[in-house]
Amino acid sequence: MQPSTPSVRPQGVTILAILSAIAGVFGLLGALAAIGLGGLAAGAVGGTTGAAFGGLVVVTGLLLLVYAILALAFAYGAWRLLPWAWILGVGAQVLSLVLAAIGLVTGGGINFVGIAISAVILYYLFTPDVKRAFGRP
């Protein structure tokens, strides 16, 4: 027996679903660009350093691709208040924090705004009303 979910989506969940869909589309575009340009970057830099740099760009692109797929799945699930979407939303925000850490390590700097947004979304997803809307205890 599945827990009952409200017939009306919380406004914050609606906003998250729309923003997540937008982020997923842009994430797909960025991931495809990073994966495609990773080899080009390796060739441009050359040598062992170039191969390592190109590999890192491709790995980052693959992580971004995973993030984009999670974001799109969350957008769909949040829009429909499907119970598994809550887990995906949490996972996507954790992955976003991991990507921010990779940006720091690779010299891309640290995105304080992105980290703050992910933290606020994580907090919101753990509020009792939102968890209840997704059928979480």
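In case you missed it, the structure is sitting above this.
The following paragraphs examine the structure supplied in this document. (Residues numbered from 1 in each chain as written. Predicted model: local features only at pLDDT ≥ 70, side-chain atom pairs only at ≥ 80, totals over all residues. Heavy atoms only, no water.)

A closer look at helix 4 (residues 112-125)
Owing to its 3.6 residues per turn, the α-helix brings residues three or four apart onto one side.
Piece 1. The end-to-end C-alpha distance of helix 4 is 20 Å, a good match for the 20 Å that 14 residues give at a rise of 1.5 Å each.
Piece 2. All buried positions along helix 4 are accounted for by Ser-118, Ile-121, Leu-122 and Leu-125. Seen end-on, helix 4 carries its buried residues on one side only, within an arc spanning 100°. Facing away from the buried side of helix 4 by over 90 degrees, the exposed positions are Phe-112, Val-113, Val-120 and Tyr-123. (Helix = DSSP H or I, 4+ residues; strand = E, 2+ residues; numbered from the N terminus. Expected span 1.5 Å × (residues − 1). Buried < 20%, exposed > 50% of the residue type's maximum accessible area, 1.4 Å probe, protein only. Arc of directions from axis to C-beta.)

Overview of the environment of Lys-131
Piece 1. The residue Lys-131 is located in helix 5 (residues 128-133) in this model.
Piece 2. For Lys-131 and Trp-86, which are 45 residues apart along the polypeptide, the C-alpha to C-alpha distance reads 7.4 Å.
Piece 3. Those residues in contact with Lys-131 that sit more than four places away from it in its chain are Trp-86, Leu-125, Phe-126, Arg-136 and Pro-137. (Contact = heavy atoms within 4.5 Å.)

So, the layout of surface pockets
Piece 1. Approximately 550 Å³ is the volume attributed to the largest pocket.
Piece 2. Contributing to the lining of the largest pocket are 23 residues, with Ala-23, Tyr-67, Gln-93, Ser-96 and Ser-118 lying nearest its centre.
Piece 3. Going through the elements one at a time, helix 1 (11-45), helix 2 (47-80), helix 3 (83-105) and helix 4 are the ones with two or more residues in the lining of the largest pocket.
Piece 4. Here the lining of the largest pocket gets 7 residues from one element, more than from any other, and that element is helix 3. (1 Å grid on protein atoms, 1.4 Å probe; cavity = no way out; pocket = protein on both sides within 12 Å on 5 of 7 lines; lining within 4 Å. Points joined across faces, edges and corners; volume = space filled by probe spheres on them.)

A word on unusual backbone geometry
Piece 1. Positive phi, normally seen in glycine, also occurs at Leu-81, with a value near 55°.
Piece 2. In this structure, Leu-81 sits in the loop between helix 2 and helix 3.

What to know about the packing of helix 3 against helix 4
Piece 1. Where helix 3 contacts helix 4, the two axes come as close as 9 Å, and the packing angle between them is 160°. Relative to helix 4, the element helix 3 is oriented roughly antiparallel. Helix-helix and strand crossings are classified by hand; for helix 3 and helix 4 the assignment is left-handed. Along its contact with helix 3, which presents Trp-86, Gly-89, Val-90, Gln-93, Ser-96, Leu-97 and Ala-100, the element helix 4 presents Ile-115, Ser-118, Ile-121, Leu-122 and Leu-125.
Piece 2. Residues belonging to the contact of helix 3 with helix 4 are distributed by class as follows: 8 nonpolar, 4 polar and no charged. (Axes fitted to C-alpha atoms, helices over the stretch in contact; angles between N-to-C directions. Parallel < 35°, antiparallel > 145°, perpendicular 65-115°, else oblique. Left-handed = near helix turned anticlockwise from the far one by under 90°. Nonpolar A, V, L, I, M, F, W, Y, C, P; charged D, E, K, R; others polar.)

Quick notes on the packing of aromatic side chains
To describe a pair of aromatic rings, one takes the distance between the centres and the angle between the planes.
Piece 1. Summed over the entire model, instances satisfying the criterion amount to 1 aromatic pair.
Piece 2. For the pair Trp-86 and Phe-126, a centre-to-centre distance of 5.0 Å together with 80° between the ring planes defines the contact as edge-to-face. Here Trp-86, found in helix 3, pairs with Phe-126, found in the loop between helix 4 and helix 5; they are 40 residues apart in sequence, far enough to count as distant. (Phe/Tyr/Trp six-rings, centres within 6.5 Å; stacked < 30°, edge-to-face > 60°.)

Let's talk about the nonpolar core
Piece 1. Grouped together as the largest cluster of nonpolar side chains are 15 residues, with contacts concentrated most on Val-13, Phe-74, Ala-78, Leu-125 and Phe-134.
Piece 2. Looking at this core, the elements with two or more residues in it are helix 1, helix 2, helix 3, helix 4 and helix 5.
Piece 3. Tyr-67, Ala-92, Leu-95 and Leu-99 belong to the second largest nonpolar core, which has 5 residues in total. (Core = buried A, V, L, I, M, F, W, Y, C linked by side-chain atoms within 4.5 Å.)

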